[in-house]
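Listed here are the chains, written in short residue letters.
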Amino acid sequence: FARVIRQAHCFATFNPQNATGRYDVLELQNVASHAVAERLAVLDAWEASYRTSQGLPDLSEFGNQSCLRNARLGEQTLDNKTTLPEWLRQMTGVLSLDFVSTIRPAANATPLPEAVFQDLLV
């Protein structure tokens, strides 16, 4: 049971509405890790499409509107010729990357009250 919980942790804690972060050890043969990697690929494509349609500046590492930084699959480094979905077809290996979303909360978004935020940290 503990092994299943440990393997599913990345999926259980993944928040697509705030995906920015470091993803260190996504083992692609693990279904939960692979699912997180697939969701990151979809978010990356959606955000690139959104930024392009809105005429926003390209802040990507390779000039392709991608939110991915420092992506590696084993010893391979993601470049402007390879895409994350191409890597995901391999179904094996350890993926690590930084996902940097450029989508921000609305200017009129209401922040959590401090007490609620502190409760979340505990």
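Here the structure is a predicted model, which means the values were calculated and not measured. (Residues numbered from 1 in each chain as written. Predicted model: local features only at pLDDT ≥ 70, side-chain atom pairs only at ≥ 80, totals over all residues. Heavy atoms only, no water.)

Trainee: For the nonpolar core, give the residues involved together with the corresponding values.
Mentor: By size, the foremost hydrophobic cluster in this structure holds 21 residues, and its most contacted members are Tyr23, Leu40, Leu84, Leu95, Leu97 and Phe99. Contributions of two or more residues to this core are made by strand 1 (21-27), helix 2 (31-53), strand 2 (68-73), helix 3 (84-88) and strand 4 (94-99). Considering every element that reaches this core, the biggest residue donor is helix 2, with five residues. With residues near it in sequence (within four places) discarded, Leu84 still touches Ala37, Leu40, Ala41, Leu68, Leu78, Leu95 and Leu97. (Core = buried A, V, L, I, M, F, W, Y, C linked by side-chain atoms within 4.5 Å. Buried < 20%, exposed > 50% of the residue type's maximum accessible area, 1.4 Å probe, protein only. Helix = DSSP H or I, 4+ residues; strand = E, 2+ residues; numbered from the N terminus. Contact = heavy atoms within 4.5 Å.)

Trainee: Please provide a residue-by-residue account of the pattern of salt bridges, values included.
Mentor: Counted under the stated rule, the structure contains four salt bridges. The residue Arg72 makes a salt bridge to Glu75 at a minimum N-O spacing of 3.8 Å. The class of Arg72 is partly exposed, set by a relative accessible area of 31%. If you follow the salt bridges from partner to partner, you end up with Arg22, Asp24 and Asp98 in one network. (Salt bridge = Lys/Arg side-chain N within 4 Å of Asp/Glu carboxyl O.)

Trainee: Hey, could you go over the packing of helix 1 (residues 2-12) against helix 2 for me, with residue numbers and the actual values?
Mentor: In contact at an axis separation of 7 Å, helix 1 and helix 2 are set at 15° when each is read in the N-to-C sense. Comparing their axes, helix 2 and helix 1 come out roughly parallel. Helix 2 is crossed by helix 1, and the crossing has left-handed handedness. Residues Gln7, Ala8, Cys10 and Phe11 of helix 1 touch helix 2, and the partners they reach there are Ala32, Ser33, Ala35, Val36 and Arg39. Partitioned by chemical class, the residues of the contact of helix 1 with helix 2 number six nonpolar, two polar and one charged. (Axes fitted to C-alpha atoms, helices over the stretch in contact; angles between N-to-C directions. Parallel < 35°, antiparallel > 145°, perpendicular 65-115°, else oblique. Left-handed = near helix turned anticlockwise from the far one by under 90°. Nonpolar A, V, L, I, M, F, W, Y, C, P; charged D, E, K, R; others polar.)

Trainee: Explain the environment of Gln7 to me, and be specific about the residues and the numbers.
Mentor: Checked against the element boundaries, Gln7 lands in helix 1. With relative accessibility at 36%, the residue Gln7 sits in the partly exposed group. Separated by 54 residues in sequence, Gln7 and Glu61 place their C-alpha atoms 30 Å apart. When near neighbours in sequence (up to four residues on either side) are disregarded, Gln7 contacts Asn30 and Ala32.

Trainee: Residues and numbers for a nonpolar patch on the surface, please.
Mentor: There is a patch of nonpolar side chains on the surface, built from Leu112, Val116, Phe117, Leu120 and Leu121 and spanning about 490 Å² of accessible area. Of note, Phe117 is situated in helix 4 (residues 114-121). For Phe117, a relative accessible area of 39% gives the class partly exposed. (Patch = residues over 30% accessible without salt bridge, like charges linked within 9 Å, V, L, I, M, F, W, Y side chains within 5 Å. Areas by Shrake-Rupley, 256 points an atom, 1.4 Å probe, with all protein chains shown as cover.)

On their own, these measurements won't tell you what the molecule is for.
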